[in-house]
Amino acid sequence: MEKKKGTPRRGICLYSYHNLLGKTMTLDDAFLEMYDTGATCFEFLTSYIPGYPNPSTEWVDHYWRLCEKYDLHPSELGHWAENHLHRGPGMTDDEVVEELKQDFRLANLLGFKALRTKITCTNMVCDPEPGWQSYIEKALPYAEKYDVRMQNEVHLPTTLHTPHIRDEYLDFINRTGTQHFGFNIDFGTFQNKPAKGLEFMNMSDFKDVTKPEEIVDFLQYSWVCHGKFTNVNEDFVEETIPYKEVIQLMIDNGWRGDILSEYEGAIRFFAEDGPDKFAQAMVEIPEQVRRHQIMMRNILGY
């Protein structure tokens, strides 16, 4: 029997507009901009929510009015599973779980089914701090209660064959049998050459990167992916990441999750370097996100 083709949704990470939010772009502006690109879903960060973790009823009502007005659907809420929020001794498992529970409740309130859950890391390849299994396992019943799925983000220089991904995280999923912990596969993990203007940030020699075909084994544990990009050219091609090959594998393997445009180009890092750079960012950031959405539309066919 032939496998049914996947139909990923196109969405946008609000983080793409990070330099503009609260300066030249309001939440209303951001929703209009996302709608204009043809995106259908979005990711928020908890840091973009006034009054977090307890936004006002007025803000929540306004948020839902914007979702309805622009027919944009909540996809993923970015949050953190930190066990060192303060200097000194680390938090107990129960304290971490309480922090997670408040984010689960908030995600449920705002309609997010997935969470980009950042677990405390110990190095550049994001090896998790020892003991993470204990508090994440204790949090699983609450994730189920609030109907959310925690996703650990896999991005450059982490690969899908980095030991803690293929061994620790997959072993945890298989041992617990959970449907509430998985992976946000950031397309930066497939980056195979340096990005223009960002050479100073290279964390990899690009000799050991995730190969597109590696994604197949992880799709069943992934519900939302970050469509990371640094520059989409005038021909609507991201020159450092094999987008077409990766997305075709997702389609051919029946994946129906969300791919969210996440811009991290050079101007994203230099926008604060004076009025000229900020003026450039005001134009370039929205333009890059639009180009990325067009690129994905060209690949997906919708």
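Our structure is the block above this text.
## Side note on the overall build of the protein chain
Next, step 1: The helix and strand tally for the protein chain stands at 8 helices and 8 strands.
Next, step 2: A compact globule built from 302 residues should have a C-alpha radius of gyration of about 19 Å, and the protein chain, at 19 Å, falls within 12% of that.
Next, step 3: If one aligns the C-alpha atoms of the protein chain with their principal axes, the spans along those axes are about 50 × 45 × 45 Å.
Next, step 4: Out of the 302 residues in the protein chain, the part that is buried amounts to 54%.
Next, step 5: For the protein chain, restricting intrachain contacts to residue pairs at least 6 apart in sequence, the fraction spanning at least 24 positions comes to 81%.

## Concerning the pattern of salt bridges
Next, step 1: Summed over the entire model, instances satisfying the criterion amount to 17 salt bridges.
Next, step 2: R175 serves as the salt-bridge partner of E137, at 2.9 Å between the closest nitrogen and oxygen. Residue E137 is found in helix α4 (residues 132-145), and its partner R175 is found in helix α5 (residues 163-176); the two are separated by 38 residues along the sequence.
Next, step 3: Among the charged side chains, a network of salt bridges with common partners joins E33, E287, R290 and R291.

## Some details on the sheet that holds strand β3 (residues 73-81)
Next, step 1: Pairing in this open sheet of 8 strands is parallel, and the strands run β6-β5-β4-β3-β2-β1-β8-β7 from one edge to the other. Every other strand in the sheet has two partners, leaving β6 (181-185) and β7 (224-229) as the edge strands with one partner each. Mean inter-strand twist for the sheet, computed between neighbouring axes without regard to direction, equals 30°.
Next, step 2: Seen against the sheet, α4 touches β3, β4 (114-119), β5 (149-154) and β6 and runs at an angle of roughly 140° to β5.
Next, step 3: Where helix α8 (residues 275-300) meets the sheet, it contacts β1 (9-13), β7 and β8 (258-263), and its direction lies at approximately 150° from that of β8.

## Re the packing of helix α3 (residues 93-110) against α4
Next, step 1: Between α3 and α4, whose axes approach to 9 Å, the crossing angle comes to 35°. Of the two elements, α3 crosses α4, and the hand of that crossing is right-handed. Of the residues in α4, those touching α3 at D93, D94, V96, V97, L100, K101 and F104 are S134, Y135, I136, K138, A139, Y142 and A143.
Next, step 2: Of the residues belonging to the contact of α3 with α4, the class tally is 9 nonpolar, 1 polar and 4 charged.

## Some points on the pairing of β8
Next, step 1: Of all the 6 residues making up β8, 6 are buried; the element is thus mostly covered by neighbouring parts of the structure.
Next, step 2: Along β8, one buried face is formed by D258, L260 and E262 and the opposite face, lined by I259, S261 and Y263, is buried too.
Next, step 3: Across 4 bridges, the pairing between β1 and β8 is parallel. The residue bridging G11 from the neighbouring strand is L260, located in β8.
Next, step 4: In terms of handedness, the path from β7 via helix α6 (residues 243-252) over to β8 forms a crossover that is right-handed.

## Re the nonpolar core
Next, step 1: Counting 90 residues, the largest nonpolar core has F31, F44, F181, F183, F187, I247 and M250 as its most contacted members.
Next, step 2: When residues of this core are assigned to their parent elements, the largest contribution, 8 residues, is made by α8.
Next, step 3: Beyond its immediate sequence surroundings of up to four residues, I247 is in contact with F187, I259, M296, I299 and L300.

## Notes on the side chain of Q293
Next, step 1: Positionally, Q293 belongs in helix α8.
Next, step 2: What makes Q293 buried here is its relative accessible area of 1%.
Next, step 3: For Q293, the side chain forms a polar contact with the main-chain oxygen of G11, separated by 2.9 Å.
Next, step 4: Leave out the neighbours within four places in its chain, and Q293 touches R10, G11, I12, T37, G38, A39 and S261.

## Re the packing of helix α1 (residues 27-37) against helix α2 (residues 57-70)
The geometry of a pair of packed helices is captured by two quantities: the angle between their axes and the separation between those axes.
Next, step 1: Viewed as axis vectors pointing N to C, α1 and α2 meet at an angle of 20°, and their least axial separation amounts to 10 Å. Our classification of the angle between α1 and α2 gives roughly parallel. Considering how the two elements wind past one another, α1 and α2 form a crossing that is right-handed. Seen from α1, the contacting residues are L27, D28, F31, L32 and Y35; seen from α2, they are W59, H62, Y63, L66, C67 and Y70.
Next, step 2: Residues that form the contact of α1 with α2 fall into these classes: 9 nonpolar, 1 polar and 1 charged.

Here is what the cut-offs are and how they apply
Residues numbered from 1 in each chain as written. Predicted model: local features only at pLDDT ≥ 70, side-chain atom pairs only at ≥ 80, totals over all residues. Heavy atoms only, no water. Helix = DSSP H or I, 4+ residues; strand = E, 2+ residues; numbered from the N terminus. Rg over C-alpha atoms; globule rule 2.2 N^0.38 Å. Buried < 20%, exposed > 50% of the residue type's maximum accessible area, 1.4 Å probe, protein only. Contact = heavy atoms within 4.5 Å. Salt bridge = Lys/Arg side-chain N within 4 Å of Asp/Glu carboxyl O. Pairing = 2+ DSSP bridges. Axes fitted to C-alpha atoms, helices over the stretch in contact; angles between N-to-C directions. Left-handed = near helix turned anticlockwise from the far one by under 90°. Nonpolar A, V, L, I, M, F, W, Y, C, P; charged D, E, K, R; others polar. Right-handed = clockwise from strand over helix to strand, strands pointing away. Core = buried A, V, L, I, M, F, W, Y, C linked by side-chain atoms within 4.5 Å. Polar contact = N/O pair within 3.5 Å; in protein donor to acceptor, adjacent residues only side chain to side chain. Parallel < 35°, antiparallel > 145°, perpendicular 65-115°, else oblique.

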